[in-house]
Amino acid sequence: MAMKNAKNVHFLQIDHQVKNIFSLEGVVVMPSPIAYKKYPWTKRLFLNEPKEGYFIWVKKQVDFPLRTCISLASFKTSQNLSNLMIIEKNLKIKAEVLCNALKNNLYGIHQAKGKLILKEGASLEYNHFHFWGENDLVNPDYEFYLEKGAKLFYHYKNFQPPKNLNFKTSLELEKDSQVDLKVDILANKSLVNLEENLILKGENSKGIIRLRLVSKNKSEIKSLAKITALNKATGHLDCQGRLVDNYSKISLIPNLVCLNKNAQLTHEASIGKISEEELIYLRSRGLTEKEAIDLIINGFLEK
Amino acid sequence: MDNYVKNVDKTMLLQIKNLKVKANSKQILKGINFRIKNKEIVVLLGPNGSGKTVLAQTISGNPHYKIESGEIYFNNKKITKMPPEKRVKLGIVLAWQNPPAIKGISLENFLKKIKKAKELPSSLGNLNILSKELNTNISGGEKKLSELIQVLALNPKFVIFDEIDSGLDLRNLKKVAEIIKKEIIDRKMAVLIITHNGQILNYLKPTKTLVLVDGQIICEHQNYKIVLNTIKKYGYEKCKKCPFFANRPSS
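None of these values were measured; they are calculated from a predicted model.

Analysis parameters
- Residues numbered from 1 in each chain as written.
- Chains lettered and ligands numbered in written order.
- Predicted model: local features only at pLDDT ≥ 70, side-chain atom pairs only at ≥ 80, totals over all residues.
- Heavy atoms only, no water.
- Helix = DSSP H or I, 4+ residues; strand = E, 2+ residues; numbered from the N terminus.
- Buried < 20%, exposed > 50% of the residue type's maximum accessible area, 1.4 Å probe, protein only.
- Contact = heavy atoms within 4.5 Å.
- Areas by Shrake-Rupley, 256 points an atom, 1.4 Å probe, with all protein chains shown as cover.
- Lys, Arg positive; Asp, Glu negative; His and termini not counted.
- Charge placed at Lys NZ, Arg CZ, Asp CG, Glu CD.
- Pairing = 2+ DSSP bridges.
- Axes fitted to C-alpha atoms, helices over the stretch in contact; angles between N-to-C directions.
- Core = buried A, V, L, I, M, F, W, Y, C linked by side-chain atoms within 4.5 Å.
- Buried area = accessible area lost by both parts, 1.4 Å probe.
- Salt bridge = Lys/Arg side-chain N within 4 Å of Asp/Glu carboxyl O.
- Polar contact = N/O pair within 3.5 Å; in protein donor to acceptor, adjacent residues only side chain to side chain.
- Phe/Tyr/Trp six-rings, centres within 6.5 Å; stacked < 30°, edge-to-face > 60°.

Considering the overall build of chain A
The number of helices and strands found in chain A is four helices and 19 strands. With respect to the three principal axes, the spread of C-alpha positions in chain A is 60 × 55 × 30 Å. The buried share among the 303 residues of chain A stands at 53%. Pairs at least 24 apart in sequence give 80% of the contacts found in chain A among residues at least 6 apart. For chain A, the exposed area adds up to about 13,300 Å²; of that, 49% sits on carbon and sulfur atoms. Here chain A contributes 44 positively and 33 negatively charged side chains, and the mean placements of these two sets differ by 3 Å.

In structure tokens form, the structure reads like this:
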């Protein structure tokens, strides 16, 4: 699955080749290696010299979503991406980010290091979609830095995971900033490792992590979710898992670390099977068992 | 073809023969026998825990209820072991007493998925619940209306209403009853109504009344008013002793 219209994609990379860059007024879009050379200040953000990936610097308000698409198209391609996105002060931006394999059996590797910086008062709705082949290996590792008063809504959705997915997200929040992280994963013959690390650094920062995990067809999902409060802040962790069969596994390990007496961290978690009653109800409306399971799973992940 | 059996009454839409059903290892139905003709309106009365919902769920094919012995025939076809989705295709639809919440899909989108009928009748009026999640965060009355809408969308031949009237105020009871009358009974579908208080019967006027007590049908009568009045006056214990008791079906 590629983005429907490549012309609407601001950065399009297939395998190692940048196919399309669509710059616009107030938004700098370029491959990361070029940005690394053009803007010396990015060196401290990239850490290492990037080989591939995108650099997006939003300096002015735009009223449509910024779109990126990075795809695997050739057999045994190994991508090693470094992405950097910077949203300047008080801008409200929406981004749609797609990473995928264009065919099922490519045995590809997609390694992505990402850094997103939301400057003071900036707001970002970041919708991140993954669709992979059943033999790909995918390791996204994203860091988000929210300056004072910044807001992030991050929705990661993966209903077609690879053979192995190692998904790391770390979020650091300064004063009065807020994050809402939602991760929806439907693991199908997959091994999925999740690691979320939310650091509530500033006073009155707020964060919520919501995990909706479904494991089926001998899949295994392991999730380590950590919230640390360094200041007067509030954090909530909400993990829910559903097992579709007896051959799959989900393990959730919540970790709340409170280092300030005025901080409040809460947690709720449940893992269970699909409700028999819901299944029978849907079948009594004419849906087959498989259709009923799919409908319940989709509803659970959309919640 | 094995499902078509010769020794059943072909004029009947539904036939239940000596049905014994267990739930969680407990015997609930202890040899049920009754028949429903095409276009017939039947009411099933019984105290709490007598097995009314188990019977309704068993007819609709809920595998949670284990059939120990006995047979169910629909349109001369044996459906005793048929899965629920296939029974719906034959035209058997149950309106649940307590439908579970299904999150993430609106009633409107769910109807698009299941709908067999061309369009919903205008008698349903303006339906605010269409945009709401299926059976989620809606009132008891709205749940009943949702069940009724789904029943109509499935274009059934035979409908079981499991306490469709429970928890409804008089205005909503009348509304639900009028829709059932107009869209189901007047369109010649057969109906089995399970009810406690019986108020809805004054609108639907059933032609046969069955009384279920302790997993057995102890009375079959043509006049629902007589049976209902007896129960209201003397309770179900009286039912066991009344002269109509002799009329209960033996096979």
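On we go from here.
A look at the overall build of chain B
A tally of regular secondary structure across chain B gives eight helices and 10 strands. Overall, chain B is about 50 × 50 × 35 Å in size when its C-alpha atoms are taken along their principal axes. Out of the 251 residues belonging to chain B, those deemed buried represent 54%. Within chain B, contacts between residues separated by at least 24 positions form 69% of all contacts whose residues are at least 6 apart in sequence.

Here we look at the sheet that holds strand S4 (residues 54–58) of chain A
All names here are of chain A. As summarised here, the arrangement of the nine strands in space is S3-S4-S6-S8-S10-S12-S14-S16-S18, forming an open sheet in which the pairing is mixed. Looking along the sheet, the strands with just one partner apiece sit at the ends: strand S3 (27–31) and strand S18 (249–258). Neighbour to neighbour, the strand axes of the sheet diverge by 5 degrees on average, direction disregarded. By the bridge criterion, eight bridges tie strand S10 (residues 137–146) to strand S12 (residues 164–173) in an arrangement that is parallel. When the bridges of S12 are listed, Phe 144 appears paired with Leu 171.

As for the nonpolar core
Core analysis: the largest hydrophobic core is formed by 100 residues, its most contacted members being Phe34(B), Ile59(B), Phe158(B), Ile180(B) and Ile184(B). Leaving out residues up to four positions away in the same chain, Phe34(B) has contacts with Leu14(B), Gln15(B), Ile16(B), Leu55(B), Ile59(B), Leu192(B), Leu210(B) and Ile217(B). Counting residues in hydrophobic clusters, the runner-up holds 63 residues, among them Ala101(A), Tyr142(A), Leu237(A) and Leu252(A).

Remarks on the pairing of strand S16 (residues 220–229) of chain A
Residue and element names in this part refer to chain A. Two strands pair when backbone bridges link them, and strand S14 (residues 191–200) and S16 are joined in this way by 10 bridges, in the parallel orientation. If you follow Leu 194 over to S16, its bridge partner there is Ser 223. Bridging between S16 and S18 involves 10 bridges; their strand directions are parallel. Across the sheet, Ile 227 pairs through a bridge with Leu 256, a residue of S18.

Things to note about the interface of chain B and chain A
Contact residues are listed per partner, giving 27 residues for chain B and 15 residues for chain A. Taking both partners together, chain B and chain A bury about 1,800 Å²; carbon and sulfur atoms supply 68% of that area. Between the two partners, chain B and chain A, sit two salt bridges. Taking the shortest distance from any N to any O, the salt bridge between Arg285(A) and Glu147(B) comes out at 2.5 Å. Linking chain B to chain A there are eight residue pairs in polar contact (both at pLDDT 80 or more). Contributing elements (two or more residues each) for the side of chain B that touches chain A: helix H2 (84–90), strand S6 (92–95), helix H3 (107–114) and helix H4 (140–153) of chain B. Sort the elements by how many residues they give to the side of chain B that touches chain A and H2(B) lands first, with four residues.

Some thoughts on the environment of Ile164(B)
Residue and element names in this part refer to chain B. For Ile 164, the position within the fold is in the loop between strand S7 (158–162) and helix H5 (170–185). Judged by its relative accessible area of 2%, Ile 164 is buried. Between the C-alpha atoms of Ile 164 and Ala 177, which are 13 residues apart in sequence, the distance is 9.1 Å. In contact with Ile 164, not counting residues within four places along its chain, are Ala 95, Lys 144, Glu 147, Val 176, Ile 180, Ile 194 and Ile 200.

What about the side chain of Asn62(B)?
Residue position: Asn62(B) is located in the loop between helix H1 (52–60) and strand S4 (66–74). A polar contact is formed between the side chain of Asn62(B) and the backbone nitrogen of His64(B), at a distance of 2.9 Å. Filtering out sequence-adjacent residues up to four positions away, Asn62(B) remains in contact with Ile280(A) and Gln57(B).

Brief notes about the packing of aromatic side chains
When we look at a pair of aromatic rings, we describe it by the centre distance and by the angle of the planes. Residues and elements named next belong to chain A. A complete count under the given rule lists 15 aromatic pairs over all chains for this structure. Summarising the aromatic geometry, the rings of Tyr 39 and Phe 55 are spaced 5.6 Å apart at their centres and angled 35 degrees between planes, so their arrangement reads as tilted. Of this pair, Tyr 39 sits in the loop between helix H1 (32–38) and helix H2 (43–46) while Phe 55 sits in strand S4, and the two are 16 residues apart along the sequence. We note that Tyr 39, like Phe 55, is buried. When the ring of Tyr 39 is compared with that of Trp 57, the centres are 5.4 Å apart and the planes differ by 85 degrees; the resulting orientation is edge-to-face. Linking Tyr 39 in the loop between H1 and H2 with Trp 57 in strand S4, this pair joins segments that are 18 residues apart in sequence. Through a chain of ring-to-ring contacts, the aromatic side chains of Tyr 39, Trp 41, Phe 55 and Trp 57 assemble into a single cluster.

Thoughts on the sheet that holds S7(B)
Residue and element names in this part refer to chain B. Judged by pairing direction, the sheet is mixed, and its six strands sit side by side in the order S6-S7-S8-S3-S9-S10 without closing on themselves. Each of the sheet's edge strands pairs with one partner strand only, and the pair in question is S6 and strand S10 (216–221). Strand-to-strand, the axes of this sheet are offset by a mean angle of 20 degrees, without reference to chain direction. Sheet topology places S6 next to S7; four bridges connect them, and they run parallel. Bridge pairing links Ala 95 to Phe 161 in S7. Running over the sheet, H5 touches strand S3 (41–45), S7 and strand S8 (190–195) and is turned about 165 degrees from S7.

Let's talk about the pattern of salt bridges
All names here are of chain A. All told, the structure shown has 25 salt bridges over all chains when counted by the stated rule. In this structure, Lys 60 and Glu 25 form a salt bridge, with 3.1 Å as the shortest nitrogen-oxygen distance. One end of the pair, Lys 60, is in the loop between S4 and strand S5 (66–72); the other, Glu 25, is in the loop between strand S2 (17–21) and S3, and 35 residues separate them in sequence. Salt-bridge contacts for Arg 210 lead to Asp 180; the nearest nitrogen and oxygen are separated by 3.0 Å. One end of the pair, Arg 210, is in strand S15 (residues 206–216); the other, Asp 180, is in strand S13 (residues 178–188), with 30 residues separating them in the sequence. Ionic contacts of the salt-bridge type, sharing partners, join the residues Glu 172, Glu 174 and Lys 201 into one network.

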